[in-house]
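Next come the chains, spelled out residue by residue.
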2 protein chains.
Amino acid sequence: VKVAELATPALVVDGPAFDRNLARMADARPGPALRPHVKAHKSTALAARQVAIGHRHFTCATPREALGMAAAGLGEDLLVANEVLDPARLTALAGAARAGARITVAVDSDATVDAAAAAGLTEVLVDVDIGLPRCGCAPDDAGRLADRARRAGLSVRGVMGYEGHLMMVLDRADQRARVAAAVDVLLAAHADVGGEVISSGGTGTYDLHDRVTEVQAGSYALMDTHYGQLGLPFEPALRTVATVLSARPRWAVCDAGLKTFGMDHGNPAMDDGFGALRFCSDEHATFVPGPQGVRPGDRVLLRPAHVDPTIAYHEQLWVADGPGLDAEVLDRWPVDLRGW
Amino acid sequence: VKVAELATPALVVDGPAFDRNLARMADARPGPALRPHVKAHKSTALAARQVAIGHRHFTCATPREALGMAAAGLGEDLLVANEVLDPARLTALAGAARAGARITVAVDSDATVDAAAAAGLTEVLVDVDIGLPRCGCAPDDAGRLADRARRAGLSVRGVMGYEGHLMMVLDRADQRARVAAAVDVLLAAHADVGGEVISSGGTGTYDLHDRVTEVQAGSYALMDTHYGQLGLPFEPALRTVATVLSARPRWAVCDAGLKTFGMDHGNPAMDDGFGALRFCSDEHATFVPGPQGVRPGDRVLLRPAHVDPTIAYHEQLWVADGPGLDAEVLDRWPVDLRGW
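Requested: an account of the overall build of chain A, with residues and values cited.
Scanning chain A from N- to C-terminus turns up nine helices and 16 strands. In terms of overall dimensions, chain A is globule-like: its C-alpha atoms have a radius of gyration of 21 Å, near the 20 Å expected for 340 residues. Looking at chain A residue by residue over its 340 residues, the buried ones come to 61%. Excluding contacts between residues fewer than 6 apart, the proportion of contacts in chain A whose partners are at least 24 apart in sequence is 68%. Of the roughly 11,400 Å² of accessible surface on chain A, a fraction of 52% belongs to carbon and sulfur atoms.

Before we move on, can you summarise the packing of aromatic side chains with the specific residues and values?
Residues and elements named next belong to chain A. Applying the stated criterion to the full structure yields seven aromatic pairs over all chains. A centroid spacing of 5.7 Å and a plane angle of 65° characterise the contact between Y220 and F234, whose relative ring orientation is edge-to-face. Here Y220 is found in the loop between β8 (214-215) and α8 (225-228), whereas its partner F234 is found in the loop between α8 and β9 (238-247), with 14 residues between them in sequence.

Please provide a residue-by-residue account of the packing of helix α6 (residues 142-151) of chain A against helix α7 (residues 172-193) of chain A, values included.
Residues and elements named next belong to chain A. Between α6 and α7, the least distance of the axes is 8 Å, while the angle of their chain directions is 35°. Considering how the two elements wind past one another, α6 and α7 form a crossing that is right-handed. Across the interface between the two elements, A142, G143, A146 and R150 from α6 touch A189, D192 and V193 from α7. Looking at side-chain class alone, the contact of α6 with α7 contains four nonpolar, one polar and two charged residues.

An account of the relation of the copies chain A and chain B is needed here, citing residue identities and associated values.
Note on the identical chains: chain A maps onto chain B by a rotation of 180° and an axial translation of 0.0 Å, with an RMSD of 0.0 Å. What the superposition gives is, in effect, a two-fold axis relating one chain to the other.

Can you break down the pattern of salt bridges residue by residue, with the values?
Between side chains of opposite charge, a pair can form when the charged atoms approach closely. The final tally for this structure, using the stated rule, is 54 salt bridges over all chains. Through salt bridges with shared partners, one network takes in R35, D77, R157, E196 and E214 of chain A.

Outline the interface of chain A and chain B, supporting the account with residue identities and numerical values.
Taken together, the 57 residues of chain A in the interface contact 57 residues of chain B. Roughly 4,400 Å² is buried in total at the junction of chain A and chain B, and carbon and sulfur atoms are behind 56% of that figure. Our enumeration of links across chain A and chain B arrives at eight salt bridges. With a shortest N-O distance of 2.9 Å, R248 of chain B and D129 of chain A are connected by a salt bridge. Elements with a contribution of two residues or more to the side of chain A that touches chain B: α3 (63-71), α5 (110-118), β9, β12 (276-280) and α9 (307-311) of chain A. The leading source of residues in the side of chain A that touches chain B is β9 of chain A, at four residues. Residue classes in the side of chain A that touches chain B are distributed as 22 nonpolar, 16 polar and 19 charged.

I'd love a proper account of the side chain of E123 of chain A, names of residues and values included.
All names here are of chain A. In this fold, E123 is placed in strand β5 (residues 123-127). Looking at E123, the relative accessible area reads 14%, which means it is buried. In contact with E123, not counting residues within four places along its chain, are R102, I103, T104, V105, L154, S155 and R157.

So what's going on with α6 of chain A? Which residues, and what values?
Residue and element names in this part refer to chain A. Of the positions making up α6, those classed as buried are A142, G143, L145, A146 and A149. Seen from one end, α6 has its buried residues packed into an arc of 160°, which puts them on one side. For α6, the secondary structure elements touched by its buried residues are α5, β5, β6 (155-161) and α7.

Outline the pairing of strand β1 (residues 10-14) of chain A, listing residues and values.
Residues and elements named next belong to chain A. In terms of burial, β1 is a largely internal element, five of the five residues being buried. Residues A10, V12 and D14 point to one face of β1 and L11 and V13 to the other, with burial holding for every one of them. In the sheet, β1 pairs with β9 via four bridges, with the strands oriented antiparallel. Its bridge partner lying in β9, A10 is registered against V241. Judged from the four bridges that link them, β1 and strand β15 (residues 316-320) form a sheet pairing that is parallel. Bridge pairing links L11 to L317 in β15.

The rules behind each value
- Residues numbered from 1 in each chain as written.
- Chains lettered and ligands numbered in written order.
- Predicted model: local features only at pLDDT ≥ 70, side-chain atom pairs only at ≥ 80, totals over all residues.
- Heavy atoms only, no water.
- Helix = DSSP H or I, 4+ residues; strand = E, 2+ residues; numbered from the N terminus.
- Rg over C-alpha atoms; globule rule 2.2 N^0.38 Å.
- Buried < 20%, exposed > 50% of the residue type's maximum accessible area, 1.4 Å probe, protein only.
- Contact = heavy atoms within 4.5 Å.
- Areas by Shrake-Rupley, 256 points an atom, 1.4 Å probe, with all protein chains shown as cover.
- Phe/Tyr/Trp six-rings, centres within 6.5 Å; stacked < 30°, edge-to-face > 60°.
- Axes fitted to C-alpha atoms, helices over the stretch in contact; angles between N-to-C directions.
- Left-handed = near helix turned anticlockwise from the far one by under 90°.
- Nonpolar A, V, L, I, M, F, W, Y, C, P; charged D, E, K, R; others polar.
- Least-squares fit on C-alpha atoms with pLDDT ≥ 70 in both.
- Salt bridge = Lys/Arg side-chain N within 4 Å of Asp/Glu carboxyl O.
- Buried area = accessible area lost by both parts, 1.4 Å probe.
- Arc of directions from axis to C-beta.
- Pairing = 2+ DSSP bridges.

So, in structure tokens, the structure goes:
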């Protein structure tokens, strides 16, 4: 089966480009120096490829991601890098840990420490605010939280902090300096907390971290047009194949729309040679075709602007042996970690 | 179970507001004068409520929506208001039709006519461009396409045209005039095509159509903040309940983000009293709480900006007996028509 023969809309991974992305990251951050983030792809089959290249510790955003990874035998060291307060989900995580997975949850408050302990979890990591206004405790509160966790019988593995506000700083020197300042904050908190783990970073800053023990990157494997602005050594490896449903002299319409693409980073892009995107509707993208024009039934390729919320709409990733419509489809990776 | 006790993030329908929305629409466009659009909610359980109030003919955007509606016994008259070229899906639709559903597909080109005929479908409707640059044939081509369809053995039920570009015209007199001009185009095409169906409209123009046989509205049932700008007599009936995961002096974070909300119309809104939204991340919304503040574990409510791509992320809608956190959960409607 060729990419052009898939039922559409469908997400297609350019297998060789994906392999090169994994190899480049594994060169830069081998083995446990990278803790790949599962939220970007939500696929245990894709995660298994990350294991095969040496990364056996994973970052998860939701309990369901962690439970699914554990159930798939990928639970050697799972960090839920998010605060969880739901007793039922925490209890399920504790059950997976008792069944043999290693599961660590992030905590940033008395409530999250107490909930983890009450559910029978055994390992936590203190999530520290290093500049992004999201989760994470005040840096000077990290030591106190670690003490509280240890008093509650929890093992405190260390700290994490995500400098998400610095991912898209386009000036590298500026980005480097600001990342270093954020890591200063994280290391000061770590001095108060202790533990062997200092976890930080993402795809946009993966090569600016020489003082942490691991980087949490996810997008690097498949990339998107947003991260594509940064000039990183990772190639666009994810496309959507769509069918032209309608063609008029001045525009055409394909069957990939607002339920195919996460839209927070703006419109997807028509892939090279397929024209220019105008706008998306629920089930359509209207575009201006390239000079060769298109006819109903033709296939086109698009590149998503944001990989994570795009994949979360889909049931599977199709893996092909190249980037184009005539590439051979080699494999199907279920997106089996959706939801919460 | 109260709304505040649901596992989060979760979509919650304010049942009484939903019922009032359905009643108001059924007053304005009773029975077959409305062909509710399934794409907005993708739920056969919700569609069954639309049947109960008198609308037994439905609009679908995807083959899976139509097949699911037919399988649920809601297939009295299903219009796939979209061009379909996939032979396997058209054949499945033809099979559902032979099994007793009435299934009509939109056509706007020789290719779509020929594909419908080749798959064994029996009924089509000519989709006419009435001003939105999306699907739909040139108006003066509609008669020729109808002739081609009839020569291919298809029954041509009439015409449809969607004035989606006019949904959000805020000046009602201007909107009325522009809708009338679009309907002029549709009626001229209908004169060439024939058939008993003239289908058009949406939630933003449902009351501006006295010359069509039916209106295709979907958002009216649950609404969103985007349509809320129009001052329509439909109430916000869909909210997301989320849990506060982290609370700092100047912001708090809840567990509803870019995989919870369709973002093409912008950020969701914090529901009244819950503060002001700042930004969304994959699994989080950062917001400034109201004066009473929030603590980790508190629940908050948000209102989506665009109902259709929001619901497409979720597995179910929870139906409650009111809009608030203390409302009683009465029912669960699976979102069983996702995908293509």
